[in-house]
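Close look at the chain arrangement
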Amino acid sequence: MTTTLGDSKQVLMQRALDGLSTHVEESGLTTQQKLALTCRALFDAGHDSGLAGQITARAEKPGTYYTQRLGLGFDEITEDNLLLVDEDLNVLDGKGMANPANRFHTWIYRARPDVQCIVHTHPFHVAALSMLEVPLKVSQMDIAPLYDDCAFLADWPGVPVGNEEGEIISAALGDKKAILLAHHGHVVAGASIEESCSLAMLIERGAKLQLAAMAAGDIAELPPRLAREAHDWTLRPKRSQANFAYYARRALRNHPDALTS
């Protein structure tokens, strides 16, 4: 016999949170393994744009982070070919060089101690939406983690290899989790690799939905209170861990070479 049909939504939400805490466990993967699987998952999700885009994650020593080697596509990244670099992009461990465009990541990390992982890609629908010079509109439940959490940079600053672009992008991002860059792509700045992977998946889906909806009519706004509730509910660490575990399993089935240990 059921015992919860009379419970309030708040009680049921807390019950679910307790279940997440109990049943969603840490993956046990290293930072490098998580980055490699994120690259493969994003590749499969259409984030491939040749050699464009970067992913970074803070390393153990302050002022250092892991990133992919310039010249390798997202579908070629393994836990062993990632680079460890400092804030000047000097390679501390690994072979080759980092993408010079990684410089703006340093500006974000310095401005945002809460950020542990940055994903920057040019997926098809995000890139198409960026050409219209309009912000991302979150008006569907699945995209709720980005509600009021995706900034917009309307003026393209050019190729982001200088400090000027780092200042501009980090300032425009502010305290948001993501930013849509006009005529460019997107940046996700997450509290974990799991969160960054999940939000990068969502921003491309959000752009695809927005383009389809714009072609059909005017996009209706979400009720702010309910949208905020959905944002806070879906942007919890355990939800990001569960999402990432699924993406990682799928990526590993498609790309068993991503992990070498």
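How each quantity is defined
- Residues numbered from 1 in each chain as written.
- Predicted model: local features only at pLDDT ≥ 70, side-chain atom pairs only at ≥ 80, totals over all residues.
- Heavy atoms only, no water.
- Helix = DSSP H or I, 4+ residues; strand = E, 2+ residues; numbered from the N terminus.
- Expected span 1.5 Å × (residues − 1).
- Buried < 20%, exposed > 50% of the residue type's maximum accessible area, 1.4 Å probe, protein only.
- Contact = heavy atoms within 4.5 Å.
- Axes fitted to C-alpha atoms, helices over the stretch in contact; angles between N-to-C directions.
- Parallel < 35°, antiparallel > 145°, perpendicular 65-115°, else oblique.
- Pairing = 2+ DSSP bridges.
- Right-handed = clockwise from strand over helix to strand, strands pointing away.

So, on to helix α2 (residues 31-47). Across its 17 residues, α2 extends only 20 Å between first and last C-alpha, which sits more than 12% below the 24 Å expected from 1.5 Å per residue. What α2 keeps buried is the set Gln-33, Lys-34, Leu-35, Ala-36, Leu-37, Thr-38, Cys-39, Arg-40, Ala-41, Leu-42 and His-47. Contacts made by the buried residues of α2 are with β1 (54-58), β2 (64-67), β5 (117-121), β8 (186-190), α6 (193-216) and α8 (237-254).

So, on to the packing of α6 against α8. Interhelical geometry of α6 versus α8 gives an angle of 75° and a closest axis separation of 8 Å. In terms of orientation, α6 and α8 fall into the roughly perpendicular class. Each of Ile-193, Glu-194, Glu-195, Cys-197, Ser-198 and Met-201 in α6 lies in contact with α8, whose residues at this interface are Ser-240, Gln-241, Asn-243, Phe-244, Tyr-247 and Arg-250.

Another point: the pairing of β8. Counting buried residues in β8 gives 5 out of 5 residues, a clear majority hidden from the surface. With burial as the criterion, each face of β8 is covered, one bearing His-186, Val-188 and Gly-190 and the other bearing Val-187 and Ala-189. Across 5 bridges, β5 lies against β8 in antiparallel orientation. Among the inter-strand pairings, His-120 is bridged to a residue of β8, identified as Val-187. One ladder, built from 3 bridges, connects strand β7 (residues 178-181) with β8; its direction is antiparallel. Paired with Ile-179 across the two strands is Val-187, which belongs to β8.

As a further point, take the pairing of β7. Here is the key point about a regular strand: its side chains alternate between the two faces of the sheet. Here β7 shows two buried faces, one formed by Ala-178 and Leu-180 and the other by Ile-179 and Leu-181. Where strand β6 (residues 150-153) lies against β7, 4 bridges are found, and the strand directions are parallel. Among the inter-strand pairings, Leu-153 is bridged to a residue of β7, identified as Leu-181. Read as a crossover between parallel neighbours, the route from β6 over helix α5 (residues 163-173) to β7 is right-handed. Two successive antiparallel strands, β7 and β8, enclose a turn made up of 4 residues, where His-183 displays a positive phi of approximately 60°.

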